Structures are given as structure tokens and as C-alpha cells.
Amino acid sequence: MKPTKMFAAALLLGSSLAAMPAAAKEGMFTPDQLPEIADDLKETGLKLDADELADLTGFPMGAIVSLGGCSASFVSPQGLVVSNHHCVRGSVQYNSTAEQNYLEDGFLAKTMDAEVPAAPGSRIYVTTELTDVTEPVTKGTENLSGGERYALVDQRMKDLVAECEQTPGYRCQVASFYGGDQYKLIKRLEIRDVRLVYAPGDSIGKYGGDVDNWQWPRHTGDFGFYRAYVAPDGSAADYAETNVPYKPEHHLKVSAGGLKEGDFVMAAGYPGSTSRYARLAEVENTFDWQYPTYVTLLNNWIDTIESAAPDGSDARVKYEARLAGLNNYEKNLRGQIAGARSVGLVQRRREREDALNAWIAADPSRAHYAADLTALDALTAESAAAARQDFWYNFATNSQLLGTAERLYRLAKEKEKPNAERESGYQERDMTFFKQGLQALDRRYDPAVDKAEWMMFLKDYIQQPQAQHVAAFDKALGLTPNMTDAQLSRKLDAYYANSTLDETEQRLALMDASVAQIEASKDPFLQLAVALYPHDREQEAESKDRAGRGLALRPAYMDAIIAWQRENGKITYPDANSTLRVTYGTVLGGSPKDGLVYTPFTTLEGIVAKNTGEEPFNAPERELELIRAENYGPYELESIDSVPVNFLSDLDSTGGNSGSATMNARGELVGLLFDGTFESVNSDWDFDPRTTRTIHVDSRYMLWVMSLVDGATNLVEEMDVVN
């Protein structure tokens, strides 16, 4: 490193420690809550009006979209969408083969004609309307049993969705907030023709791989692009060559000027789920049993896939996305466990419940809360016991072909009902996804790997106490306590040898099969699905009854939380639930533990320092040459004398936030949220301002890679790049 760079780094380190605030900004706020915190937003640095942010169809929220698992945003008037590399990687994998491996080489369409369809089922959802439907969903449910309440609420939600979707091309959902205390109907344009435009190779987009996952410092180019297409009249349509790029009402300008330490940032996206308000009993069960059990299972699962699908094989290409997801989840859970221990999560939750109980006891008018909380804790313990009972059976039935058979038989059963009364996932509105899921199996299934996974799960199941076994399953599959691995292997071989569910046309044909036809089938996976159906529906009914009882108790609990926090001057944001949220704060490093300091930015030079030439630290030679030549183009940040690659903030985020647009005070795109530090993953359960840090890929690194490394100048020219 040049002396000037060393001096800049030293200054950066010193300023990072001096600038650390007493408390980070907690909260994944719904957009309609932002006017309530307008003063703090302004004080933190926002230049836009908070009322503008509350308008889901205005700027900038109108540019924020969901991919149905990841977040994204429009960045051009021609429907260009940017998200994380790991969010579009499934489509890169789908279009790859061992001979033409875009995962390794990257994919770039220099013209729109060269853009290719994304993986089946890919969607871009544009929110157009939001309506409070709490009363029509909950009215008259007070005195019902758990099962009755669940059924009535579920049916009302389906009816609201059906009415909303009478407008062609739209996908609607009813989302629950505050444990069922509030319901909102969300209407979204469903863009079905999604095409892959550009994704750098894994040597940039996944640089550092699982080694660096959840770690800082980070040097990952976690970005990629889709494009939304619609029919010539602007309506949502399936893929067709005559379709045209969607023209969004709003798109984000992309900043080449970027950020400096201490600058205001906010992220808008669709965080999946948090458990900030979970009761103590759930916390104890999760961290004492569930997470440790999962970590062991996930490591065995990863080893099983890697053994059955060697590097370089076609099977490995098919299972790359699954492996990435499993590795990510395993590391996340270890971080959750370590984080819970470091912050004393169980004790902190116990103290919070004691404080809430004291607040309730201080006023006789609050006495009704006490009874509800006692009942809720009993229900939580009951649910935990059921989860343990069903855990190993649920994994033992986790073969892809068995899962396909179970869905097909369930579809035949559900089709005997009127469409409005069918289970969610089996209505006519779901059939496109259903079909695409059956089609996509070809690109993500290998019989040898599937058998290896299934055998691993079954061996775990067989070892469990008999009380945790399901008699119908043991009988149908012929499982015995002393079954050897060789006997089990031969039994599974017969299933794969005698099944035709690995054939796409056969799977699709079975979508139209009747119950009688499936029950008469000789396919062993279908026979097993039929045998398990009664038990699975009984298990489902018990789960729905518990959920229905929870719908009566959790709203009362959240009412108490909201009132209690209001007295302490705090606005209660709802737990994340895959709906649009905004989180805000500043560019900020940190010190998660004694002797460990995180600076706010990483640089291009850090890529060279980490590079070994071996995956996952195998940056492209062209990139290394540019860095060594200090060819920064117009994207250098003077304070670090380099191009920033990734940066840290104190934003509050979780899974599902991946791909969220990170914006500056003016609503310009300055990066993409893609990860958190290992010490902060526990924030799903408990926000710790000292350790919570979110990782973003810097827009300047994105533009640098696109312009100088991969030659994606056509996209740079298409976007509104501003300084």
C-alpha cells in the first residue's frame, strides 16, 4: 500500500471510532409510520419529505420491487432491475451447463435481444395499492375455537385476495401485522416475463464465498440485473418475443459520487421475518434445541450433497443454489447462537417480560393482559413440543420426488372442492407457479443426490425414539429399527428405479389426474404419498388449531407491548413479514468486541490482498491488473485513495432485505444491502446497537466493474448515473 493510502486508512480508522453513536437506529418501519418519525429522519440527514416516503406509488418507493424472496429496484426507464448477485444467481444457474457455465464466466447481454428468460417462477412485483382490512378479516371471530377461527380468517383472506385479483395481471396478498392485530391487503402488478440481463461471474459476485459470508472485511460484488417485460399494451404477460420492456413510473438514479463515513443512508426492501416480540419460552426452545439441532443436520446435509455431486459435475451445477442456501443458513444459525450468548438474549428477554408484567400489574385496568399472556405462554410451550415431535419425520419425507408426489396428490384432492375453498397454493391462481415448479425440477434434481439426501434424513429418523415415529410412514416404507444401511439403500433404489416422476411430461400430466387415478398408480412415490396423506392432514389440522388460538392471544400481547412502549416514547414497528419496510441510519464502522475494529469501507486493494487464485478468492485477472495499475476511473473515494467495494452501516435488516436499494439522503442508489456481520445476525431476535452492522456493495464498485472489468457499458449508459 502506498504511504498516502496507509495514512488515509489510519485517518479512517480514527474517525470511525470517534464517530460511533451511542445507539444505532432500531426499526424496520412500514412506510406509513415514517411521518411519525419525521423529525428523527431529518435529524439523521434525510433531505426528502417523510410524507413522500409514505407514498408507495410515489418516489422513491414506487421504484422498489420484490422478487418474491429478495428485494430489488428499478434503475432505468426501460424496466432494468438491480438486485443482489445471489438473488439472480438461480437464473444464472438455470441457464448454465457444465459446458457453458455462466456461474464461472458471468452473463452479459450487450443488447436486449440477447437477454434470456430467468428461472421458471421468477417474478417482479410492483406494489400499487395498500388497504387496511383488519375489520373484515377479524370481525366476529372472538368466540370461535382455534380451528374455527383459523378457517374463518383464512377464508376471508382468500376471498379478499380473489376479489382483488379480478383485475388481470395483479397478484394480491393479505398480510398480518402485530401477530394478527392488523391486516393489510396489498395489490401488486405481477410481472411474469423476467429476463436475465447481467451478472458478473462468481469470482466477483461471490468473491469470498462461504468463507467470507457474514464476515467483515468483505469484498463481494453482490449485484446483478434483470429486466421486466410486459405485453405491448403494458399489461403483465407470460414470456413472448413480442413483449416489450416495462416502463416504471419511477426509477432510482445511480450515484457515482457515493458516500463518505457518517452519511445518511436508508434501505427499502422486503425483509422476511424477525422474532423481536417472541416470548421467552420460544426463545429458550429455539436456542437450546432447535438451532443447535439444525446446525448439526445442515452440516451433514452439505457434506452429503458435496459427496454425491463432485466439483465440476453436472449434478454440482444443479445443486449449487441449494448448497449456497444451506451454507448461508448454517453460518447464520451459528451466528444466532453466538450472538444470543454474547448479548445474554435469554436473560434480556426475561427482563423485558418482567418489566412488562410489572407495567401490567401497576394498573388494574390492564389485568386482562395477564390472563392472555399466561395462555399465550402455554400455547408457545405446546407449539414447541409439537415442533420437536414432528421434526425428524418432516425431514424424513424431504425427498424431491416424494415432495412432488405429495403435492400432486394434494392437488387432486383440492380440485374436488370449489376453487374458493381450496387450500392456499392449490387454487387456480397458483397453477402457473405449480406448473413452473414441476418444470424447474429438471434443472435442480439429480437422482443420485436426491437419494443420498433422503437416505441421510431417513437414517436420522430411524435413530429417534419410537414415540417420535409415524406408524403410517414406517409401515408404508417398510422401516424397521435395526435396518442396515445396505437394506435401506436397496429399498430406496427400488423407488427411483420404478418411478416416472423424474420425467417432466409425466409430472405435468399428473396435474390433471383425479384422486382415483393417483391412488391407482403403481409409482412408488405416489403410493407413499397416498399412504401418508391422512397423517399429514391430521398434523396440519393440529397446527391450524394452534395458529387459530394464537390469533386470539397474540394481538392482546402486542396491544400490551404497543401501549407499554408508547408510554416510554417509543414507536412499535411490527416484526418483519416480507412486506415493504424502510430502515435508516448512517455509514458506520464499529467494534463488536474488545480489540476488534471494523472500518466503514473496504477497497479494491483488499481484493488483491485476499486473492489466492483458488476459489473463492480467485478474482479475474483483468480485475487484478486494473487494481494493480490503480485504474480507478471516476469512482475513487479520496478519503481511502481507492474505489470502495463494500461499506458498513448501522441499518436494521434481516433475510429478505437482500437486494434492498440503499439510498442516500436524496433517494439516489448508493449501494445494495446484501449481508450482515456475524455478530449482528442475532438481531432477528434482539436488536443490539453495539453489534448490529449491515453490509452493502457500493454503487461505485458496481459501476467500476461494469465499466472497466466486464464491459457492461450498455447498462451504465442506460442508467441515470449522477455525481
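Scroll up to find the structure this text is about.
As the structure is a prediction and not an experimental result, all values here were calculated from the model. (Residues numbered from 1 in each chain as written. Predicted model: local features only at pLDDT ≥ 70, side-chain atom pairs only at ≥ 80, totals over all residues. Heavy atoms only, no water.)

**Q** Any details on the state of the cysteines? Residues and values, ideally.
**A** One pass over the structure, following the stated rule, counts two disulfides. What pairs with cysteine 164 in a disulfide is cysteine 172, and their sulfur atoms sit 2.0 Å apart. Its torsion about the S-S bond being -65°, the disulfide of cysteine 164 and cysteine 172 is classed as left-handed. The buried category is assigned to cysteine 172, whose relative accessible area is 4%. (Disulfide = S-S within 2.5 Å. Buried < 20%, exposed > 50% of the residue type's maximum accessible area, 1.4 Å probe, protein only.)

**Q** Please give an account of the layout of surface pockets that cites residues and values.
**A** Take a probe with the size of a water molecule and roll it over the atoms, and the empty space left behind shows itself. Considered as a void within the structure, the largest pocket measures approximately 610 Å³ in volume. Around the largest pocket, the lining comprises 24 residues; the ones closest to its centre are Asp202, Asp311, Arg316, Glu320 and Glu615. Within the residue set of the lining of the largest pocket, elements represented by two or more residues are helix H5 (102-105), helix H8 (202-205), helix H9 (209-212) and helix H11 (314-343). When residues in the lining of the largest pocket are grouped by element, the largest group, six residues, is from H11. (1 Å grid on protein atoms, 1.4 Å probe; cavity = no way out; pocket = protein on both sides within 12 Å on 5 of 7 lines; lining within 4 Å. Points joined across faces, edges and corners; volume = space filled by probe spheres on them. Helix = DSSP H or I, 4+ residues; strand = E, 2+ residues; numbered from the N terminus.)

**Q** Which residues make up helix H10 (residues 280-308), and what are the values?
**A** The end-to-end C-alpha separation of H10 is 40 Å, in line with the 42 Å expected for 29 residues at 1.5 Å each. Maximal helix bending in H10 amounts to about 45°, located at threonine 286. (Expected span 1.5 Å × (residues − 1). Bend = angle between axes of the 7 residues up to and from the residue.)

**Q** Residue-level account of the pattern of salt bridges, with values.
**A** The tally for this structure, following the rule as stated, stands at 46 salt bridges. Across the pair glutamate 26 and lysine 570 runs a salt bridge whose closest N-O atoms are separated by 3.6 Å. Highlighted residues: glutamate 26 in the loop between helix H1 (3-19) and helix H2 (38-44) and lysine 570 in the loop between helix H21 (524-567) and strand E14 (581-586), separated in sequence by 544 residues. Residues participating in the shared-partner salt-bridge network are Arg410, Glu414, Lys417, Glu423, Arg537, Glu540 and Lys544. (Salt bridge = Lys/Arg side-chain N within 4 Å of Asp/Glu carboxyl O.)

**Q** Tell me about empty space enclosed by the protein, residues and numbers included.
**A** Per the counting criterion, the structure on display carries two cavities of 30 Å³ or more. Here the second largest cavity defines a volume of roughly 50 Å³. In terms of lining, the second largest cavity is formed by Gly339, Val343, Glu679, Ser680, Asn682, Ser683, Asp686, Asp688, Thr691 and Thr692. Its residues assigned to classes, the lining of the second largest cavity comprises one nonpolar, six polar and three charged. (Nonpolar A, V, L, I, M, F, W, Y, C, P; charged D, E, K, R; others polar.)

**Q** Tell me about the packing of aromatic side chains, residues and numbers included.
**A** What the rule picks out here adds up to 34 aromatic pairs. When the ring of tryptophan 454 is compared with that of tyrosine 496, the centres are 6.3 Å apart and the planes differ by 80°; the resulting orientation is edge-to-face. On the criterion of sequence distance, the pair formed by tryptophan 454 in helix H16 (residues 447-462) and tyrosine 496 in helix H18 (residues 485-497) is long-range, its members being 42 residues apart. The structure contains a cluster of three or more aromatic residues connected by ring pairs, namely Trp289, Tyr294, Trp301, Tyr329, Phe391, Trp392, Phe395 and Phe457. Positioned above the aromatic ring of tyrosine 533, the side-chain terminus of arginine 537 is 4.8 Å from the ring centre. (Phe/Tyr/Trp six-rings, centres within 6.5 Å; stacked < 30°, edge-to-face > 60°. Lys NZ or Arg CZ within 6 Å of the ring centre and 35° of its normal.)

**Q** Outline the environment of tryptophan 454, supporting the account with residue identities and numerical values.
**A** Judged by relative accessible area, tryptophan 454 falls into the buried class, the value being 0%. Separated by 137 residues in the primary sequence, tryptophan 454 and valine 317 place their C-alpha atoms 19 Å from one another. Apart from residues no more than four positions distant in its own chain, tryptophan 454 is found in contact with Ala396, Ser399, Leu402, Leu477, Leu492, Tyr495, Tyr496, Phe525 and Leu528. One polar contact links the side chain of tryptophan 454 to the main-chain carbonyl oxygen of alanine 396, over a distance of 2.7 Å. (Contact = heavy atoms within 4.5 Å. Polar contact = N/O pair within 3.5 Å; in protein donor to acceptor, adjacent residues only side chain to side chain.)

**Q** Any chance you could break down H21 for me, citing the residues and the numbers?
**A** Residues spaced three or four apart along an α-helix face the same direction, because each turn holds 3.6 residues. With 44 residues, H21 ought to run about 64 Å at 1.5 Å a step, and its terminal C-alpha atoms sit 61 Å apart, in line with that. Along its length, H21 reaches its greatest deviation from straightness, about 45°, at tyrosine 533, and the proline proline 534 lies no more than four positions downstream. Two or three places before phenylalanine 525, at the start of H21, stands the capping residue aspartate 523, its side-chain oxygen 2.9 Å from that residue's backbone nitrogen. Glycine 569, located one to two residues past H21, shows a positive phi value of around 75°.

**Q** I'd love a proper account of the pairing of strand E21 (residues 694-698), names of residues and values included.
**A** Burial of E21 is extensive: five of the five residues sit out of reach of the surface. Burial along E21 is two-sided: the face carrying Thr694, His696 and Asp698 and the face carrying Ile695 and Val697 are both buried. Two strands pair when backbone bridges link them, and strand E20 (residues 669-676) and E21 are joined in this way by five bridges, in the antiparallel orientation. Opposite leucine 673, over in E21, you have histidine 696 as the bridge partner. (Pairing = 2+ DSSP bridges.)

**Q** Hey, could you go over the nonpolar core for me, with residue numbers and the actual values?
**A** If you look at the biggest cluster of nonpolar residues, it comprises 86 residues, and the most contacted ones within it are Phe225 and Trp704. Aside from chain neighbours lying at most four places away, what touches phenylalanine 225 is Val75, Leu80, Val81, Val82, Arg195, Leu196, Val197, Tyr198, Met706, Leu715 and Met719. Ranked by size, the runner-up nonpolar core spans 71 residues in total, among them Phe287, Tyr294, Ala396 and Leu510. (Core = buried A, V, L, I, M, F, W, Y, C linked by side-chain atoms within 4.5 Å.)

**Q** Give a detailed account of a negative patch on the surface, specifying residues and quantitative values.
**A** A grouping of Asp49, Asp51, Glu52 and Asp55 is seen on the molecular surface, where their side chains present a negatively charged patch. Relative to the helices and strands, aspartate 49 is located in the loop between H2 and helix H3 (50-53). Classification of aspartate 49 by relative accessible area gives partly exposed; the value is 39%. (Patch = residues over 30% accessible without salt bridge, like charges linked within 9 Å, V, L, I, M, F, W, Y side chains within 5 Å. Areas by Shrake-Rupley, 256 points an atom, 1.4 Å probe, with all protein chains shown as cover. Lys, Arg positive; Asp, Glu negative; His and termini not counted. Charge placed at Lys NZ, Arg CZ, Asp CG, Glu CD.)

**Q** Go over the packing of helix H14 (residues 400-414) against H21 with me, naming the residues and quoting the values.
**A** Relative to each other, H14 and H21 sit at 70°, their axes nearing to 9 Å. Of the possible angle classes, the one that applies to H14 and H21 is roughly perpendicular. Of the two possible hands of crossing, H14 and H21 adopt the one that is right-handed. In contact with Leu401, Leu402, Ala405, Glu406, Tyr409, Arg410 and Lys413 of H14, H21 contributes Phe525, Leu526, Leu528, Ala529, Val530, Leu532, Tyr533, Asp536, Arg537 and Glu540. (Axes fitted to C-alpha atoms, helices over the stretch in contact; angles between N-to-C directions. Parallel < 35°, antiparallel > 145°, perpendicular 65-115°, else oblique. Left-handed = near helix turned anticlockwise from the far one by under 90°.)

**Q** An account of unusual backbone geometry is needed here, citing residue identities and associated values.
**A** The omega torsion of the bond from tryptophan 216 to proline 217 falls at 10°, within 30 degrees of zero and hence cis. Inspection of the secondary structure puts proline 217 in the loop between H9 and strand E10 (224-230). A cis amide bond links glutamate 615 with the next residue in sequence, proline 616, at an omega value of 10°. Inspection of the secondary structure assignment puts proline 616 in the loop between helix H22 (604-610) and helix H23 (621-628). Phi is positive for glutamate 630, close to 55°, though the residue is something other than glycine. Assignment of secondary structure puts glutamate 630 in the loop between H23 and strand E18 (644-649). Residue classification places glutamate 630 among the partly exposed residues on the basis of a relative accessible area of 31%. The phi torsion at aspartate 641 lies on the positive side, around 55°, for a residue other than glycine. The topology assignment puts aspartate 641 in the loop between H23 and E18. According to the relative accessible area criterion, aspartate 641 is buried, its value standing at 16%.

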